[in-house]
Amino acid sequence: MSEENGRPKRLAMIASKGTLDWAYPPFLLASTAAAMDMEVGVFFTFYGLPLLKKKLDLGVTPLANPAMPMPVPMPNILMANVPGMDAFATSMMKAKFKKKGVAAVEDLRQACVESGVRLIGCQMTMDVFDFTPDQFIEGVELGGAATFLEFAADADITLFI
Amino acid sequence: MKTDLELDCKGLNCPLPILKTKKAIDTLASGQVLKLMATDPGSVNDVNAWSRRTGNPLVASEKEGNVFVFYLQKK
């Protein structure tokens, strides 16, 4: 049961990375936790903040990522220097996910919105990167460290991603 | 087994079967049964975990070929 001592389990996460591969864990875990009747809040900060933009433009790079499985074995440092390699790797990863029945990041994010996950955008990051509130999807709250910590103080699970 | 709703999650990967199960069970009345079909081998552990955590009992499960079938009762 998710409700123990009269209150639901709570998951608090920080999403700090904005690449295609790292966009998955926060949205995937948040949507699943909500489906398990938990209260969920995610604080999007630094490179994680663009994950809340209306139009997602996520990419992935093999550079400095030797663990990424590639169809053609090639030394990472060579591959990373090939023009267009990032676009290639990004489309390969998206195609592979689709073929394997994995949801798109946009779909998982929508599931979070629909299930009442608190999406908190970092005001300070917004100022630093010159983002404006109208660039974000509806339902995003803006706040800072204290906003997140107040929620996280009563969390059963806390994750930094 | 008498079922009130069928949910086909064949071909879908984590966490979609769980997200769709939650949505489907929310449409049922207490005591009604959802039949979930999935091919993701991870769904066996995941559906059990979801059932324990949410308190909606997994009343039966079986494997038909490569398809895992779960009968979940709305609490």
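Rules and cut-offs
- Residues numbered from 1 in each chain as written.
- Chains lettered and ligands numbered in written order.
- Predicted model: local features only at pLDDT ≥ 70, side-chain atom pairs only at ≥ 80, totals over all residues.
- Helix = DSSP H or I, 4+ residues; strand = E, 2+ residues; numbered from the N terminus.
- Buried ≥ 20, exposed ≤ 12 C-beta atoms within 10 Å, placed from the backbone.
- Contact = placed C-beta atoms within 7 Å.
- Pairing = 2+ DSSP bridges.
- Axes fitted to C-alpha atoms, helices over the stretch in contact; angles between N-to-C directions.
- Expected span 1.5 Å × (residues − 1).
- Core = buried A, V, L, I, M, F, W, Y, C linked by C-beta atoms within 7 Å.
- Left-handed = near helix turned anticlockwise from the far one by under 90°.
- Nonpolar A, V, L, I, M, F, W, Y, C, P; charged D, E, K, R; others polar.

Asker: I keep staring at the overall build of chain A and nothing clicks. Help me out?
Answerer: Each helix and strand counted, chain A has six helices and seven strands in total. Reported as C-alpha extents along the three principal axes, the dimensions of chain A are approximately 55 × 40 × 25 Å. Relative to its full complement of 161 residues, chain A shows a buried share of 31%. Taking the contacts inside chain A whose residues are at least 6 apart along the sequence as the reference set, 74% of them involve residues at least 24 apart.

Asker: Honestly, the sheet that holds strand 3 (residues 58-64) of chain B in this entry has me stumped. Any pointers?
Answerer: The strands that make up a sheet pair up through hydrogen bonds in the backbone, lying either parallel or antiparallel. All names here are of chain B. Pairing is mixed in the open sheet, where four strands are placed in the order 1-2-4-3. Each edge of the open sheet is held by one strand with a lone partner, namely strand 1 (5-9) and strand 3. The mean inter-strand angle of the sheet, taken between neighbouring strand axes irrespective of direction, is 15°. Relative to strand 2 (residues 33-38), strand 1 runs parallel, the two being bridged by five bridges. Bridging from a neighbouring strand, cysteine 9 pairs with alanine 38 of strand 2. Relative to strand 1, helix 1 (residues 16-25) is tilted by about 165°, and along the sheet it contacts strand 1, strand 2 and strand 4 (67-73). Running at roughly 5° to strand 4, helix 2 (residues 43-54) makes contact with strand 2, strand 3 and strand 4 of the sheet.

Asker: Teacher, can you tell me more about the sheet that holds strand 3 (residues 10-15) of chain A here?
Answerer: All names here are of chain A. Taking strand neighbours across the sheet as the criterion, the five strands line up as 6-5-4-3-7 in an open arrangement whose pairing is parallel. Sheet topology places strand 6 (141-143) and strand 7 (157-160) at the edges, where each strand pairs with a single neighbour. Neighbouring strand axes in the sheet, compared pairwise and without regard to direction, differ in orientation by 20° on average. Note: strand 3 against strand 4 (residues 39-44), six bridges, orientation parallel. Bridge pairing in strand 4 places methionine 13 opposite valine 42.

Asker: In this structure, what is going on with helix 1 (residues 20-35) of chain A? I would like to understand it.
Answerer: Residues and elements named next belong to chain A. When the terminal C-alpha atoms of helix 1 are compared, their 23 Å separation across 16 residues agrees well with the 22 Å that a helix rising 1.5 Å per residue should span. Turning to helix 1, its buried residues number three or more, namely Ala23, Pro26, Phe27, Leu28, Leu29, Ala30, Ser31, Thr32, Ala33, Ala34 and Ala35. Looking one or two places after helix 1, you find aspartate 37, whose phi comes out positive at around 65°.

Asker: I keep staring at the nonpolar core and nothing clicks. Help me out?
Answerer: As a rule of thumb, nonpolar side chains are buried together in soluble globular proteins. Residue and element names in this part refer to chain A. With 49 residues, the main nonpolar core has Ala30, Val42 and Phe44 as its most contacted residues. The greatest single-element share of this core, amounting to eight residues, is contributed by helix 1. For phenylalanine 44, the contacting residues outside a window of four places in its chain are Ala15, Leu49, Leu51, Leu52, Leu119, Ile120, Gly121 and Cys122.

Asker: Would you mind going over the packing of helix 1 of chain A against helix 1 of chain B with me for this structure?
Answerer: How two helices sit against one another is set out by the angle between their axes and by the gap between those axes. Where helix 1 of chain A meets helix 1 of chain B, the axes come as close as 9 Å, and the angle between the chain directions of the two elements is 35°. Along this stretch, helix 1 of chain A crosses helix 1 of chain B, giving a crossing that reads as left-handed. Taking contact as the criterion, the partners of Ser31, Thr32 and Ala35 of chain A in helix 1 of chain A are, on helix 1 of chain B, Ile18, Leu19 and Lys22 of chain B. Its residues assigned to classes, the contact of helix 1 of chain A with helix 1 of chain B comprises three nonpolar, two polar and one charged.

These figures come from the coordinates and say nothing about function on their own.
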